[in-house]
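Here's the letter readout for the chains.
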Amino acid sequence: MLTVSEAELLAWLNAVVMPLFRVLGLMTSAPILSSRSLPARARVAIGLAVSLVATMVVDLPPGAGLGADNGWLLVAREVGIGLAIGFVARMIFAAFELAGEIVGLQMGLSFAGFFDPSAGQAQGIGGIVNNCAKLTCVTMTGTRVLIDTVVE
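First, a word on scope: everything that follows refers to the structure included in this document. All residue numbers refer to position in the chain's written sequence, counted from 1. Two thresholds apply to this predicted model, a pLDDT of at least 70 for residue-level local features and 80 or more for giving and counting side-chain atom pairs, whereas whole-chain, interface and lining totals are computed over all residues. Hydrogens and waters are ignored; side-chain quantities use all the structure's heavy atoms.

1. Some words on the overall build of the protein
Okay, step 1: Within the protein, the regular secondary structure consists of six helices and zero strands.
Okay, step 2: When the helices and strands of the protein are placed in sequence order, the string is α-α-α-α-α-α.
Okay, step 3: Buried, partly exposed and exposed residues are distinguished by accessible area as a fraction of the type maximum, computed with a 1.4 Å probe on protein chains only: under 20%, between the cut-offs, and over 50%, respectively. Taking all 152 residues of the protein together, the buried fraction comes to 29%.
Okay, step 4: Long-range contacts, defined as pairs at least 24 residues apart, comprise 74% of the intrachain contacts of the protein with a sequence gap of at least 6.
Okay, step 5: Only the protein chains shown count as cover for residues, and the accessible areas themselves come from Shrake-Rupley with a 1.4 Å probe. Of the roughly 10000 Å² of accessible surface on the protein, 69% is carried by carbon and sulfur atoms. By definition, any uninterrupted DSSP run of H or I lasting at least four residues is a helix, any uninterrupted run of E lasting at least two residues is a strand, and each is numbered from the N terminus. Residue contacts follow a heavy-atom distance rule, with two residues in contact if any of their heavy atoms lie within 4.5 Å.

Take a look at the structure:
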């Protein structure tokens, strides 16, 4: 008969949940992983799968986990790290979009954007450059690099 103590169960749970918070932080802020076309349930499932794989690589320090006195600070740290990595990736894509908007402005293709402030989305060349940057990121396995960075 298999017996599992409460301490062992809590250690297994901490080994899965702590990386899960970091991965979910990334998936809420990374450019391609946080797309609205990817449902929230799929993002959570992908995050759980990544965190299950990460448990083989990541070792938690003793006393660190949800049951510790400062467990909520550890959770906030993990979410913050994931958000920061995703934010840096989002800033790179924002630079591509801004460059496209500047090119479109110089060509005279963004003139309608001055009179339509409610558009809120990239128009013309900026949208094309941003889509090309996203396609290049997917082609060069940029999402895998982001997930590897979070696991490291």
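2. Details of the side chain of S34
Okay, step 1: By the secondary structure assignment, S34 is in the loop between α1 (6–29) and α2 (40–54).
Okay, step 2: Of the residues examined, S34 reaches a relative accessible area of 16% and is grouped as buried.
Okay, step 3: For this analysis, a polar contact is any N or O atom pair within 3.5 Å, provided that within protein one partner can donate a hydrogen and the other can accept it, and provided that sequence-adjacent residues contribute only side-chain to side-chain pairs. Within the structure, S34 has its side chain in polar contact with the backbone oxygen of A30 (distance 2.5 Å).
Okay, step 4: For S34, the contacting residues outside a window of four places in its chain are M27, T28, S29, R43 and R90.

3. Structural notes on the side chain of R22
Okay, step 1: With respect to the helices and strands, R22 occurs in helix α1.
Okay, step 2: In this structure R22 comes out as buried when scored by relative accessible area, which is 16%.
Okay, step 3: Aside from chain neighbours lying at most four places away, what touches R22 is E78, I81, G82, V150 and E152.

4. Regarding α2
An α-helical turn contains 3.6 residues, so any two residues separated by three or four positions project in the same direction.
Okay, step 1: Look at α2: 21 Å from first C-alpha to last across 15 residues, which is about the 21 Å you get at 1.5 Å a residue.
Okay, step 2: Listed as buried for α2 are R43, G47, V50, S51 and A54. The buried residues of α2 occupy an angular sector of 100° when the element is viewed end-on, so they sit on one face. Exposed residues lying more than 90 degrees from the buried face of α2 are R41 and V53. Expected helix span is given by 1.5 Å per residue-to-residue step, counting one fewer step than there are residues. Taking the helix axis as origin, the arc is that swept by the directions to the C-beta atoms.

5. Section: a nonpolar patch on the surface
Okay, step 1: Residues L2, V4, L9 and W12 make up a contiguous nonpolar surface patch of roughly 470 Å² in combined accessible area.
Okay, step 2: Inspection of the secondary structure assignment puts W12 in helix α1.
Okay, step 3: Owing to a relative accessible area of 52%, W12 belongs among the exposed residues under this scheme. Grouping into patches uses exposed residues only, defined as over 30% relative accessible area, and leaves out salt-bridged ones; the cut-off is 9 Å for like charges and 5 Å for nonpolar side chains (Val, Leu, Ile, Met, Phe, Trp, Tyr). What counts as a salt bridge is simple: a side-chain nitrogen of Lys or Arg found within 4 Å of a carboxyl oxygen of Asp or Glu.

6. Remarks on the packing of α1 against helix α6 (residues 142–151)
Okay, step 1: Axis definition: a line fitted to C-alpha atoms, over the contacting stretch in the case of helices. Angles run 0 to 180 degrees between N-to-C directions. With their axes 10 Å apart at the nearest point, α1 and α6 run at an angle of 145° to one another. Crossing hand, α1 versus α6: right-handed. Between α1 and α6, the residues in contact are R22, V23 and L26 and L146, I147 and V150, respectively.
Okay, step 2: Note on residue classes: Ala, Val, Leu, Ile, Met, Phe, Trp, Tyr, Cys and Pro are nonpolar, Asp, Glu, Lys and Arg are charged, and everything else, Gly too, is polar. Here the residues of the contact of α1 with α6 sort into five nonpolar, no polar and one charged. Definitions for this section: a left-handed crossing has its near helix turned counterclockwise from the far helix by less than a right angle. A right-handed crossing has that turn clockwise.

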